[in-house]
Amino acid sequence: MYYELSKREKKIARQCIDKGLDIAYANALNETGIVVQDWYKEKLSTRDAYMKLFKVIKEHDYAIARRYNNLGGSRWLETVAQLYAEEIITEDDIRDFSEETRKVIDLFSS
């Protein structure tokens, strides 16, 4: 189902997507921070810490790229609905969309 966003709603969608991307980056950094802390505390060898760090970054990078790379305007609403369904963005973040658009988001996210 294709749904056209107005110019105003595209700005809202972009803000939601940017918030989701920022949270994805933060989650990756938090997880890598845990690996580095384990290395500092000598819970991991240097080699194991490096390999685990590389794996964490690679997994997060794959997930981020899959969701956000080459994200054209035709996929913005779908992405917003996914972020909403995963509770990455909240009702507060989508409140400025029109009622009709919020219904479509609810439909996509259920």
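Before any of the text, the structure's been laid out above.
On a predicted model such as this, the values are computed, not experimentally measured, just so you know.

Novice: Break down the overall build of the protein for me, citing the residues and quoting the values.
Specialist: Scanning the protein from N- to C-terminus turns up 5 helices and 0 strands. Each helix and strand of the protein, ordered N terminal to C terminal, gives the series α-α-α-α-α. Relative to a compact globule of 110 residues, whose C-alpha radius of gyration would be 13 Å, the protein shows 18 Å and is clearly more extended. Overall size of the protein, expressed as C-alpha extent along the three principal axes, is 55 × 25 × 25 Å. Evaluated residue by residue, the protein yields a buried proportion of 31% over its 110 residues. Contacts in the protein between residues at least 24 apart in sequence constitute 64% of all its contacts with a sequence separation of at least 6. Surface exposure of the protein reaches about 7,800 Å², of which carbon and sulfur atoms provide 51%.

Novice: Describe a nonpolar patch on the surface, listing the residues and the values that go with them.
Specialist: Nonpolar side chains collect at one region of the surface, where Tyr50, Met51 and Phe54 lie side by side and expose about 360 Å² of accessible area between them. Mapped onto the secondary structure, tyrosine 50 falls in helix α2 (residues 46-68).

Novice: Go over the layout of surface pockets with me, naming the residues and quoting the values.
Specialist: Estimates place the volume of the largest pocket at around 160 Å³. As for the largest pocket, its lining consists of Gly20, Ile23, Ala24, Asn27, Glu59, His60, Ala63, Ile64, Arg67, Tyr68 and Ile88. Mapped by element, the contributors of at least two residues to the lining of the largest pocket are α1 (7-40) and α2. For the lining of the largest pocket, the element with the most residues is α2, which contributes 6 residues. Broken down by class, the residue content of the lining of the largest pocket amounts to 6 nonpolar, 3 polar and 2 charged.

Novice: Please set out α1 residue by residue, giving values where relevant.
Specialist: Residues spaced three or four apart along an α-helix face the same direction, because each turn holds 3.6 residues. Here α1 contains 34 residues, and its C-alpha end-to-end distance of 49 Å stays within 8% of the 50 Å for a straight helix at 1.5 Å per residue. Taken together, the buried positions of α1 are Glu9, Ile12, Ala13, Cys16, Ile17, Gly20, Leu21, Ala24, Ala28, Thr32, Val35 and Asp38. In the core, the buried residues of α1 are packed alongside α2, α3 (76-85), α4 (91-94) and α5 (99-109). Where α1 terminates, the next one or two residues include glutamate 42, which has phi positive at roughly 60°.

Calculation criteria
- Residues numbered from 1 in each chain as written.
- Predicted model: local features only at pLDDT ≥ 70, side-chain atom pairs only at ≥ 80, totals over all residues.
- Heavy atoms only, no water.
- Helix = DSSP H or I, 4+ residues; strand = E, 2+ residues; numbered from the N terminus.
- Rg over C-alpha atoms; globule rule 2.2 N^0.38 Å.
- Buried < 20%, exposed > 50% of the residue type's maximum accessible area, 1.4 Å probe, protein only.
- Contact = heavy atoms within 4.5 Å.
- Areas by Shrake-Rupley, 256 points an atom, 1.4 Å probe, with all protein chains shown as cover.
- Patch = residues over 30% accessible without salt bridge, like charges linked within 9 Å, V, L, I, M, F, W, Y side chains within 5 Å.
- Salt bridge = Lys/Arg side-chain N within 4 Å of Asp/Glu carboxyl O.
- 1 Å grid on protein atoms, 1.4 Å probe; cavity = no way out; pocket = protein on both sides within 12 Å on 5 of 7 lines; lining within 4 Å.
- Points joined across faces, edges and corners; volume = space filled by probe spheres on them.
- Nonpolar A, V, L, I, M, F, W, Y, C, P; charged D, E, K, R; others polar.
- Expected span 1.5 Å × (residues − 1).

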